[in-house]
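# Notes for the structure review
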Amino acid sequence: MKRTEGNKLTTTVLIAMFFIGIGILPTKIQAIGQITEPINIENALRGNSYAQEITVINTENIKNTISLIAEGDIADWVKFYNNIQAEDSISEIKMESRERKIFIAKFSIPPSTPNGKYEGFISVKTTPKNNNNDTEQSSSIVSQKIDREVTIKVGGEEIIDFDLSLVPEKYDLSRGEYLKIRPIYNNYGNTDITPQIEVRLKKDGQTAYTAIFPYPENQPPVIPNSIYEIPALEIPTSNLDNGKYTAVFDTYQLSDTENMIEKDFIFSIGMVKSNSSEESGNDSQDTSFWSITRVMMGIVLLSSLIFITNPRKKNNKIKIK
């Protein structure tokens, strides 16, 4: 029993010594600090810029190069500067040992930004690199990244005003053929738009097909004062009966569902061939009628010519004296 307790004690001591040994190995960790109080910009106006101070501290005993990063919704809105008067932006800063530095993050709200809440991060990051001048035992340098949360609420007068043009590839379809339509947007407002389209196909007043087409994620928004065509809509017709249909399109910006634009047009399915057949039959009947008529007229005309060119001969008698 005593031997067992002694073994447990020995094992515990060995484990403790192992971790202590790891702790005293020469490991360097690049350490930086950033004031991480969230940045909140309320009622930001489109086209305006807002500057915020960013404070970074290099807590290490070595020089560091700090990368400046913006992420999230606001990633493209941010540029960094050494100070408020600087005109040239920067992407990194060099810091001396134990140095504290303040630089500027400038948020520029694009003129066409829709009203809403936009979130992201301002980050400072060290880049790991080996210290070739270190003649001591091998060391490891760990990269460090510190985020600062950013929230920007864009407000002000928002004008959503646009129109939609629909250009069908054809109006008469064969059975099973796709109804293909080119949607073209014209943005008259002051914000970017990404409208979605709701489609209804009606026959005899009854809805036979419905679908929603969100604005394509791989397409840029329609910017103000511009015309932009998104990829064509393709609507299947294989489950629809032959006949005439009305295609109804409702399009709207998700943030402004009250102002909806409605467009429609009429198209047919499976009627091209039957119409052609009827026309062909009518043409055939008309052709037969006119053929017979022409033959009859030809006979009458020929008879008339024969009568005219061969008049009746007079009965001339020869008198003998």
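Each chain has its residues counted from 1, running along the sequence as written. Restriction of local features to residues with pLDDT of at least 70 applies here, the model being predicted, together with a cutoff of 80 or more for giving and counting side-chain atom pairs; totals for whole chains, interfaces and linings are based on all residues. In computing side-chain values, all of the structure's heavy atoms are included and hydrogens and water are not.

## Quick word on the packing of aromatic side chains
Under the pairing criterion, centres of Phe, Tyr and Trp rings, with the six-membered ring standing for Trp, must be within 6.5 Å; the plane angle then separates stacked pairs below 30 degrees from edge-to-face pairs above 60, leaving the rest tilted. By the definition in use, this model includes eight aromatic pairs. Following the ring pairs from residue to residue traces out a cluster consisting of Tyr171, Tyr245, Phe249, Phe265 and Phe267.

## Some details on the side chain of Gln253
With respect to the helices and strands, Gln253 occurs in strand E19 (residues 243-253). Each residue gets one of three labels from its accessible area relative to the maximum for its type: buried under 20%, exposed over 50%, partly exposed in between, using a 1.4 Å probe on protein chains only. A residue is classified by how much of its surface remains accessible, and Gln253, at 8% relative accessible area, is buried. Contacts are residue-level and defined by heavy atoms, with any inter-residue pair within 4.5 Å sufficient. If we ignore the near neighbours within four places in the chain, the residues touching Gln253 are Ile160, Phe162, Asp192, Ile193, Thr194 and Pro195. Here a helix means four or more residues in a row that DSSP labels H or I, a strand means two or more in a row labelled E, and each is numbered from the N terminus.

## Side note on the pattern of salt bridges
Any carboxyl oxygen of Asp or Glu within 4 Å of a side-chain nitrogen of Lys or Arg constitutes a salt bridge here. Under the counting rule described, the total for this entry stands at ten salt bridges. Its salt-bridge partner being Lys145, residue Glu71 comes within 3.3 Å of it at the nearest N-O pair. Pair noted here: Glu71 is in strand E5 (residues 64-72) and Lys145 is in strand E11 (residues 145-155), with a separation of 74 residues, a long-range link. Of the charged contacts in the structure, one is a salt bridge between Asp163 and Lys263, with a shortest N-O distance of 3.4 Å. Of the two residues, Asp163 is situated in strand E12 (residues 162-168) and Lys263 in strand E20 (residues 256-269); the sequence distance between them amounts to 100 residues. With a relative accessible area of 27%, Lys263 lands in the partly exposed category. Among the ionic contacts, a cluster of salt bridges with common partners joins Glu71, Lys145 and Asp147.

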